[in-house]
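So the chains spell out like this:
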Amino acid sequence: MPYIPHTEEEISSMLSAIGIKQLDQLFDEIPKKLRIKTIDAIPEAVSEMALRRTMQVRANQDGSPLCFIGAGAYEHHIPSAVWQIASRGEFYSAYTPYQAEASQGTLQLIYEYQTMMAGLMAMDISNASLYDGASALAEAVLMAIRANRKCKTRRVLVAGTVNPVYRACINAIVKNQQIELIELPYCTEAGNSLAGSLKQHESQEFAALVIQQPNFFGCLENVDELTDWAHQQNALMIAAVNPLLMAALKPPGEWGQNGADIACGDGQPLGAPLSCGGPYYGFMCCKNEIVRQMPGRIVGRTQDINGHEGFVLTLQAREQHIRRSKATSNICTNQGLVVTASAIYMAIMGPEGLRRIAAQCYANRNALIQAVGSLKGVEVVFTSPGFHECVLRLNKPVEDVMAVFYAQGILPGYNLKKDYPELGEALLVCVTETKTDDDIELYKNTLQQALA
Amino acid sequence: MPYIPHTEEEISSMLSAIGIKQLDQLFDEIPKKLRIKTIDAIPEAVSEMALRRTMQVRANQDGSPLCFIGAGAYEHHIPSAVWQIASRGEFYSAYTPYQAEASQGTLQLIYEYQTMMAGLMAMDISNASLYDGASALAEAVLMAIRANRKCKTRRVLVAGTVNPVYRACINAIVKNQQIELIELPYCTEAGNSLAGSLKQHESQEFAALVIQQPNFFGCLENVDELTDWAHQQNALMIAAVNPLLMAALKPPGEWGQNGADIACGDGQPLGAPLSCGGPYYGFMCCKNEIVRQMPGRIVGRTQDINGHEGFVLTLQAREQHIRRSKATSNICTNQGLVVTASAIYMAIMGPEGLRRIAAQCYANRNALIQAVGSLKGVEVVFTSPGFHECVLRLNKPVEDVMAVFYAQGILPGYNLKKDYPELGEALLVCVTETKTDDDIELYKNTLQQALA
Amino acid sequence: MLIFNYSKAGRKTGSQSPNVSADTLLKSLPANSLRKSKLLLPEVSELEVVRHYTSLSKKNFSIDTHFYPLGSCTMKYNPRICNELAMLPGFLNHHPYAPLQFSQGLLQSLYELQEMLKEVSGMQGISLTPMAGAQGEFAGVAMIQAYHAARGDTQRKVILVPDAAHGTNPATAMMCGYQVKEIPTAEDGDVDIQALQAALGPDIAGIMLTNPSTLGVFERHIHEIADLVHQAGGLLYYDGANMNAILGKVRPGDMGFDVIHMNLHKTFSTPHGGGGPGAGAVGVGERLLPYLPVPVIGCNTDNQYYWMTEQEIPSSIGRLSGFMGNVGVLIRAYIYMRLLGRAGMPRIAEFASLNANYLQAKLKQLGFDMAYPKRRAGHEFVLTLKRQAKTCGVNAMAFAKRLLDKGFHAPTTYFPLLVPECLLIEPTETESKGELDRFLEAMAEILHEAETNAELVLGAPYSMPVQRLDDVRAAKELDLVWKAD
Amino acid sequence: MLIFNYSKAGRKTGSQSPNVSADTLLKSLPANSLRKSKLLLPEVSELEVVRHYTSLSKKNFSIDTHFYPLGSCTMKYNPRICNELAMLPGFLNHHPYAPLQFSQGLLQSLYELQEMLKEVSGMQGISLTPMAGAQGEFAGVAMIQAYHAARGDTQRKVILVPDAAHGTNPATAMMCGYQVKEIPTAEDGDVDIQALQAALGPDIAGIMLTNPSTLGVFERHIHEIADLVHQAGGLLYYDGANMNAILGKVRPGDMGFDVIHMNLHKTFSTPHGGGGPGAGAVGVGERLLPYLPVPVIGCNTDNQYYWMTEQEIPSSIGRLSGFMGNVGVLIRAYIYMRLLGRAGMPRIAEFASLNANYLQAKLKQLGFDMAYPKRRAGHEFVLTLKRQAKTCGVNAMAFAKRLLDKGFHAPTTYFPLLVPECLLIEPTETESKGELDRFLEAMAEILHEAETNAELVLGAPYSMPVQRLDDVRAAKELDLVWKAD
Ligand SMILES: Cc1ncc(COP(=O)(O)O)c(C=O)c1O
Ligand SMILES: Cc1ncc(COP(=O)(O)O)c(C=O)c1O
């Protein structure tokens, strides 16, 4: 019996302690007619040996293509200590740290994580994680509406340069609460939010303005200007950012005169493998004033009865298990283990290490633009500087070009046609620090060949 | 500075504590002319990111051929808990447990390992490991010569069916001590030691007889008969065995009237991956009477000053760091981590689990013989029953046949021509529990094709 | 020590980062886009990191180190093979937007997982995208909302939940824009049917139930409840957190539920990771099929697997995550289900129940009071220390903390809220009788201690890295982020 | 508890073994070839195994958890990347007899390792096959033996070793059939040259030296010694256990050594694994090239890597292992060397020496006595507690045990044998000044305790899983194998 340790003898003695004869009697309160006989669609058990072989075949079957896709999930180097330590049984197989005294490892780690993440964002407070970047942004919108005391509207302005899937996800999560999302157009030349378009919104009321830095195109937004404008309108500023790049870029806490009010995004770049989209984690930071509106768990430092430092889950009165239908969110299980990995990642990289990676990502994006920008049939669409990603317009159907790359085991980027049809045959290409000069050269040659 | 934590400031303060100005002064006792300037053949440092890519390419480059080679190294299923736990930093990065109180984890584990291994062999005592099966056998020969009180000769009889590399290794290790190894011929029909040939040796004196079970051809030896004969000759019986199979086969402690005196072999089948030949480990068990002649470390159970159970390295007076040139062996570092894995492996498999694997290996060998035995151009050379391996004689040059398999990503076995030229175009084929019916079918079809 | 205490300004990590000058590379960027403030991350060596976090890990209780009978959490053994195979490079390095020809191995596994979950739940369609139980609940309630809306049935503003329900149920209903009405529990642990009948009406969108409930007992009138709610035009939501108790024995779909979530990180043993990640797959009956959150994995006639999106499921409630949820968790659950197989599923329910009922029977013998002493336990049961709290002044929390000293993680305390001084005890099927007996011994010891030396119990724990921590101080003098002095 | 205490007869493991009946499969075998006796392995669940060994691991000190200044052992950080890459399936699943076309990636790495080791050692040829330092010594001395034998120089029966030498040196010489003669150490820690000269003669096959010696000091007269030994017709063996002290700074080959071994598990940071596996690659000068143990990795003109065996090296001393040694360890060493690179090698020596000399200087200040107070430390140094043993009755062992209570692994005790009450302290380059300062604090505390409360120190350790263990009882009442009662 895989994973079940009972011997025949033990089973009998346990049954008799209960006062029954058969295992089946354990279910005798269940209406007979409900009981099922078979679950035929479940295949018979396989041994670990056989399943290992099956899964190895499947994992290999998908190849290991050279990946130039980003669009919200970024391939980065992850030091091997990160997951080796996060996978230790004591982290891996523990529950949420409800019994604080028996969970000081996880609790202290989260406290350290909160410190690191708040530091990265230059914000006051961080929570212990939400599900992912997209759902965290939705929670940020809900939080902003709760927290905005100056302006009680349920209208939120969202830049059109925010990841389209994030916008879809916000919509799915907030739509039942009668919240209206209004899209801010972008500058088709610079590739970032159109400052000039703000004017037309000045008469309306907004609970919050949402922008992403760098935005979905990899371009930098004018964060100071946008933040100050939002604050002038009594709107809260919500910053969705790539956390890794905050080692180099101006962090949300420093945007404009007063800084963003809520910073969130996907923690994936900080130590989570691509893993087909998850598990990643949503991070969220905010200003002190609105911490009680924060969704998700928070760890605080306190003392034990001898005055020794220790850590506990705190501000639980915001949470569903106490406040129930009045909670700041329904979230319970979060993405703890990925946060564990992330804390270890940030500790290993340190401030200078992270900044170098950011700088290399910047340099590599520029190198790619340099390499392909002058190819016949390629137009680099946007002028704004940026990180990781850039948009190329091609003189052939994007799908045809992609097929040429696929045949060589290369994933050339993300096809923008569905989300931004106005950009034409546009491809969003991502280059992180993992790509070498040879990789970029190969990209260029393949593109040239595809366009020939 | 990879892995070196010193900051500039710390370096200066440390230098000044020492009373010097430059790091280089630390080496001022070394004759100047010895100091080297460059080590040009060492390439420049690479980052972990770059090296990971390089090593992945190299590991993949070697493919993952379907392996039917054994010849001393056997592919088995290893439960994933085995190495995940053995790789925990506390096992992985500890030294030999010299400070017992701070090493109870490793020490208790070795004590448990000794118990398991002695149990598997049905012997009284096990040590904590030697390097590998071949060198353990050499140590067993030396031990037998020291331990044999009845017969002081330095002559040892070794079955010709013992792994030829083991025999070469014994020779390399013992030859400087004027020890003579005499080969016992084998029965070319049954494939095991020729009982009839013993007679001719009865006039000679031997310190020990060495046999292997199953032997290099995968065939079973007549262990009872050989053991009793050796004991009649006042020789000690040294059993080199595959430890996994002792869950099914008669273990050395039960051979003949009095059991073997020393059992040894390679622990690889018990949880060590193939890993191109190492690290594996040599195990060694013996009778109580001769424990003080045992090479290698031994853990004993004892008590602390409060009477609590605890574990220590014991009988250290046999070892080099105490006895120096009079030690039972020069071994110091052994193969501890592999033993750690092995103990975990045996605990997970349990007696019934190990026995089932042995039985499956037996069944699979028979299935292969069944499948290829009747092919034209194939002769199954030996009649003795056996495990894992069998010898096929082919009607084409072995090398040509092997090339056909290679082209299909299959390693068809070990070419016996160099070691046993008398067998002709002979191939030693191995099938463990890892091979499926499909694999065996594929083998058969490929062989058929190669011989067509 | 905190990791920050090891930090030294100017320490260089070296082996990980590209050996480049960030200043030089970044200088072509506009100055006002760059970070000015110092970044407070620790400057430590890799050895310091490894040592610090290895040492921290040793301060945790976990399944791999301790019996962990935390009710409503299903802390069972997480097979190591699931982790190993889910971490194969081919899965880890898989970009979520990799084209289908580079994704068949992974998609096949996810598709088969959907099929298996359909079978054990008795539902018609599955979406794997929710990232935990609570998000599964959100998806489920949002589908109920979409269903009523599509029929123009817009006056249904209320979701019913039993008073024993997990906090995520009412919180989720609110997030979907519903009002919440609580239904009381009858004396025997089942839902108070009269109260339910009284609450039902044209404003009821649905009811959320856990079965076996969070009280550990199976709702015997489930058919009647389903009929009543359906007759009133409402739908039934099944909170699958307790599916371990009935796996392969009864199916929510057969009980009459329209929509369910399953906590794969409970029933299917993906690790809890100190708080996540989980996976909260949802299943639906025919009525809600059009509303499943996307993506869903489809399989076409050529046996090609593909992502079904808004295109194929136009009435979908949409996307709940940036990509498709916690794929790495889903693979672990898939592997676990394949290892257990057809015969393994009901065995889980049998032995989880055997262990729970054995503990319950033995604890009764030891003199403990059960909240529902006449009921069969599911895979967990509720013990109440109300009597001990009164007679010896030793409450459930003190019992729980004292268990830590005895080498056991505490059961869930003070949940469900309706049972005073309660412990919710869930041993799971992977614990041996030997371990259960050691736990019983510890419980007996503590009971004895409570009766003879209450102070001792009230001061616990003594053998943890810290003694009892001050929660009030933590919430009052908020210290959420470390600051250099 | 022992794993056997969890055992229950009849427990089935299930998920790992093939689901077959062993009895049925084995019944065609002759009955007398089968096992009759019950097999004493534990019958436990996978969870019990995981929990037991996870818990056991927590009773160990290790580099990943504690500063571990164990002299002569070079306990430095084992980079995790080395483990990860060495465990790539392509390497792990590699059969040692896989043909060359399936082995180029692995062989290239091993070949490059040979080349790098040549460069740092200054030798002409390398064999990677020895599985630890002691087996490297065996290979080296066997080559010396073969060399003299090949020249017909058969009267050389003696190997010289300094009295400070590691026990493996004399033990190895004996295993190769030599007699051992000890050379005393001069007052300043160098070899007593006069005594050496007196010992040299036509019966001397060679000398085994460690440099820096096990006393932590560099042998300043190494040139003179080499000349003397060579003039007497002997060869010089270099015990490379201490190469960390001089890596990239000076090379054994340049000092005049004919043959050396390197402990890759020390200098090149492959993990010690609680006692192994190690790797003891040997290097030789031109004279001994023909005798290298096989296999050695060759590279032909087509850049094809291959195994050189007795065919290519017919005078080889032969094979020391079943295959080619601890390949998995070799790969780790290779990776480490590539990560450190050209500039990293001398940096290791610099910072290992910096840390050792810093500790030595500070400990002197604290009032400790050094065995060689006037000498520069290499990467380690010897402290003697002779004075404290006399004045307070607190010996080196008590100091060592008390350090455990302070959270530090003890230095090597009572080695080298010639220094009474000694601690051999090797901090390695990967420890930070912060950690060294904490160690110094602990040493100062213990010194103070010894002076004021010797009993306290003598009773240590107090905070380990057990208190001081009874070694004598262990050796007298041998209990080496558990037996069921
Ligand atoms: C009964 C019940 N419902 C719902 C949940 C919420 O699940 P999750 O934590 O995965 O969001 C839980 C989790 O503890 C639960 O026990
Ligand atoms: C000086 C010295 N020589 C030789 C050895 C033996 O090396 P190994 O343990 O690898 O056999 C050691 C190991 O401690 C040593 O310190």
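Residues numbered from 1 in each chain as written. Chains lettered and ligands numbered in written order. Predicted model: local features only at pLDDT ≥ 70, side-chain atom pairs only at ≥ 80, totals over all residues. Heavy atoms only, no water.

**Student:** How should I be thinking about the pattern of salt bridges in this particular structure?
**Tutor:** Pairs may arise between side chains of opposite charge once their charged atoms sit close together. Counted under the stated rule, the structure contains 98 salt bridges over all chains. Here Glu425 of chain B makes a salt bridge to Lys417 of chain B, at a shortest N to O gap of 2.9 Å. Its relative accessible area of 23% is what places Glu425 of chain B among the partly exposed residues. Assessed through its relative accessible area of 27%, Lys417 of chain B is described here as partly exposed. Of the charged contacts, one joins Glu429 of chain C and Lys76 of chain C as a salt bridge, the two residues approaching to 2.8 Å between their closest N and O atoms. Taken together, the residues Glu429 of chain C in the loop between strand S13 (422-425) and helix H15 (433-452) and Lys76 of chain C in the loop between helix H2 (46-57) and helix H3 (80-86) connect sequence positions 353 residues apart. On the accessibility criterion, Glu429 of chain C (1% relative accessible area) is buried. Overall, the relative accessible area of 1% leaves Lys76 of chain C in the buried class. When salt bridges that share partners are traced, they join Glu29 of chain A together with Asp188, Asp190, Arg220 and Arg375 of chain C into one network. (Salt bridge = Lys/Arg side-chain N within 4 Å of Asp/Glu carboxyl O. Buried < 20%, exposed > 50% of the residue type's maximum accessible area, 1.4 Å probe, protein only. Helix = DSSP H or I, 4+ residues; strand = E, 2+ residues; numbered from the N terminus.)

**Student:** Help me out: how do you make sense of the interface of chain D and chain B in this one?
**Tutor:** Many structure descriptions define interface size as the accessible area lost when the parts assemble. Listed by partner, the interface residues are 200 residues for chain D and 181 residues for chain B. Where chain D abuts chain B, roughly 16,500 Å² becomes buried across the two surfaces, and 63% of that area is made up of carbon and sulfur atoms. Put simply, chain D and chain B have nine salt bridges between them. Salt-bridge contacts for Glu112 of chain D lead to Arg58 of chain B; the nearest nitrogen and oxygen are separated by 3.4 Å. Seen at the junction of chain D and chain B, the total is 82 residue pairs in polar contact (both at pLDDT 80 or more). Broken down by class, the residue content of the side of chain D that touches chain B amounts to 103 nonpolar, 58 polar and 39 charged. (Contact = heavy atoms within 4.5 Å. Buried area = accessible area lost by both parts, 1.4 Å probe. Polar contact = N/O pair within 3.5 Å; in protein donor to acceptor, adjacent residues only side chain to side chain. Nonpolar A, V, L, I, M, F, W, Y, C, P; charged D, E, K, R; others polar.)

**Student:** Is there a simple way to think about the site of ligand 2 in this case?
**Tutor:** Within the structure, ligand 2 sits among 16 residues, and Thr333 of chain B together with Ser72, Asp239, His265 and Lys266 of chain D are positioned closest to it. Surrounding ligand 2 is a set of residues that belongs to chains B and D. Residue Tyr95 of chain B places a side-chain N or O atom 3.4 Å away from an oxygen atom belonging to ligand 2. Relative to its unbound accessible surface of 390 Å², ligand 2 loses 99% to contact with the protein. Where the shell around ligand 2 is concerned, the elements lending two or more residues are helix H6 (133-150) and helix H11 (264-267) of chain D. No other element matches the three residues that H6 of chain D contributes to the shell around ligand 2. Classifying every residue of the shell around ligand 2 gives five nonpolar, eight polar and three charged. (Near = heavy atom within 4 Å. Areas by Shrake-Rupley, 256 points an atom, 1.4 Å probe, with all protein chains shown as cover.)

**Student:** Can you walk me through the packing of aromatic side chains in this structure?
**Tutor:** Two numbers describe a pair of aromatic rings. These are the distance of the centres and the angle of the planes. Applying the stated criterion to the full structure yields 52 aromatic pairs over all chains. Aromatic pair Tyr3 of chain A and Tyr77 of chain C: ring centres 5.8 Å apart, planes at 55°, arrangement tilted. Of this pair, Tyr3 of chain A sits in the segment before helix H1 (8-18) while Tyr77 of chain C sits in the loop between H2 and H3, which puts the two residues in different chains. Residue class for Tyr3 of chain A comes out buried when judged on its relative accessible area of 7%. Aromatic pair Phe216 of chain B and Tyr414 of chain B: ring centres 5.9 Å apart, planes at 85°, arrangement edge-to-face. Placement of Phe216 of chain B in the loop between strand S5 (208-213) and helix H8 (223-232) and of Tyr414 of chain B in strand S14 (residues 414-415) is noted, with a sequence separation of 198 residues between them. For Phe216 of chain B, a relative accessible area of 3% gives the class buried. Ring pairs connect the aromatic residues Tyr186, Phe216, Phe217, Tyr280, Phe382, Tyr414 and Tyr420 of chain A together with Tyr97 and Phe323 of chain C, which therefore count as one cluster. The cationic tip of Lys435 of chain B hangs over the ring face of Phe68 of chain B; the distance from NZ or CZ to the ring centre is 5.6 Å. (Phe/Tyr/Trp six-rings, centres within 6.5 Å; stacked < 30°, edge-to-face > 60°. Lys NZ or Arg CZ within 6 Å of the ring centre and 35° of its normal.)

**Student:** Honestly, the sheet that holds strand S10 (residues 369-370) of chain C in this entry has me stumped. Any pointers?
**Tutor:** Each strand in a sheet pairs with another by means of backbone hydrogen bonds, the pair being arranged parallel or else antiparallel. All names here are of chain C. An order of S10-S11-S13-S12 is seen for the four strands of this open sheet, with the pairing classed as antiparallel. Bordering the open sheet on either side are S10 and strand S12 (412-413), each of which pairs with just one other strand. Note that S10 and strand S11 (residues 381-384) share two bridges and pair antiparallel. The residue of S11 that forms the bridge with Met370 is Leu383. (Pairing = 2+ DSSP bridges.)

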